[in-house]
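One letter stands for each residue in the lines below.
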Amino acid sequence: MINRRVFSKAVGLGTGAAAVSLAGLQGSASAASAAPRPGASSASAAPVLPTVTPGTHTGFPTLKHVRAGVLNIGYAELGPARGPVVLLLHGWPYDIHSYVDVAPLLADQGYRVLVPYLRGHGSTTFLSHRTPRTAEQSAVALDVIAFMDALKIPKALLAGFDWGSRTADVIAALWPERVTSMVSTSGYLITDVNAQAEPLAPAAEHNWWYQWYFASERGKTAMEDEKKRIALCRYVWTLVSPNWNFSDAVFERTAEAFKNPDYAAIVLFNYRWRIGLVKGEPRYDRHEKRLWAQPSIGVPTVTLDAALDPFTPPPGDGSGYRTHFTGPYLHRTIADIGHNLPQEAPTAFAQAVVDADHL
């Protein structure tokens, strides 16, 4: 899930401010813009996408696989092979089906759309049993860089939510030459592990219950039991997307990704690492040190906030993270939508991708 430190800064440290963390966020979408980059089309020239009903599509074509870095990455691909590339990055506890309606919309606009399973998810596997099952933010980002290299993709538009937003942010901050533009749900999610040591306001800490659960042996035991972790993930869906009336079939389709043999190890490491309970691999230390400095992002960016997501900081206008984005910029708040924004509001997410491409 998203960055507890960014959320806390916006909520504030007083109990009064924290208590309104879910209030006043259900208005209509809003936008603020910066000037388009030189040589780019203006944002107004972006086509308006047709509306698709969430759940219209039920799956992807046959998945592909490619050896990339330390992984054999499973991914879906739609659209013309020579179209401009869009990478759609999923979060936790989700999988590539968060984009099952978004990807066809973008493919119909001529984009080559790639939707990879992150490490530890779905059909993505490690090439060696000796590779440590870690999940630092830079490790996940470098997986995506390796994926692009394996497919000979020099640059792509990156779009994500949750872990996917953080991964896109990291790549845009450290390797901006690989990014044409970006959509980042919940804004700036790069983690400063050192800052995570500071306690938050009680209301903010309450939202992160699963993080503390995963830090315990009790949580570890639950995650390592396939049935228990699937039940936990379903419960998280209901909490963070209160208006999303998903079916058993929709959840079970995604829950197949949670049966990956490395799923528990990757998820547990990621959340324990974020709060400083485990050390990362030395190979990633130099990247993490740069990220802990909270580098700015200069690529053209659209940020999205989901109004009913408990992790969306008030006032829901992006002001809590706006200063991190120094290039052409748009922000929108999507009303009546929870954490899994691309699956709950696929047209709004796909439109943000197209608009980012035109900044």
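In the block above lies the structure referred to throughout.
Computed from a predicted structure; not experimentally measured. (Residues numbered from 1 in each chain as written. Predicted model: local features only at pLDDT ≥ 70, side-chain atom pairs only at ≥ 80, totals over all residues. Heavy atoms only, no water.)

**Q** Lay out the pairing of strand E8 (residues 301–306) with the relevant residues and their values.
**A** In terms of burial, E8 is a largely internal element, 6 of the 6 residues being buried. With burial as the criterion, each face of E8 is covered, one bearing Thr-301, Thr-303 and Asp-305 and the other bearing Val-302, Leu-304 and Ala-306. Where strand E7 (residues 179–185) and E8 come together, 4 bridges link them in parallel fashion. Paired with Val-183 across the bridge in E8 is Val-302. (Buried < 20%, exposed > 50% of the residue type's maximum accessible area, 1.4 Å probe, protein only. Helix = DSSP H or I, 4+ residues; strand = E, 2+ residues; numbered from the N terminus. Pairing = 2+ DSSP bridges.)

**Q** Outline helix H11 (residues 263–274), listing residues and values.
**A** With 12 residues, H11 ought to run about 16 Å at 1.5 Å a step, and its terminal C-alpha atoms sit 17 Å apart, in line with that. Judged by how many residues are buried, H11 sits mostly within the fold: 11 of 12 residues are covered. Every buried residue of H11 is listed here: Tyr-263, Ala-264, Ile-266, Val-267, Leu-268, Phe-269, Asn-270, Tyr-271, Arg-272, Trp-273 and Arg-274. Just past H11, the residue Gly-276 takes up positive phi, approximately 75°. (Expected span 1.5 Å × (residues − 1).)

**Q** Residue-level account of the environment of Thr-134, with values.
**A** Structurally, the position occupied by Thr-134 is in the loop between strand E5 (125–126) and helix H4 (137–150). A C-alpha to C-alpha distance of 8.8 Å links Thr-134 and Val-267, two positions 133 residues apart in sequence. If we skip the residues at most four places from it in the chain, Thr-134 touches Arg-119, Ile-266, Phe-269, Glu-281 and Tyr-284. At 3.3 Å, the side chain of Thr-134 forms a polar contact with the side chain of Glu-281. (Contact = heavy atoms within 4.5 Å. Polar contact = N/O pair within 3.5 Å; in protein donor to acceptor, adjacent residues only side chain to side chain.)

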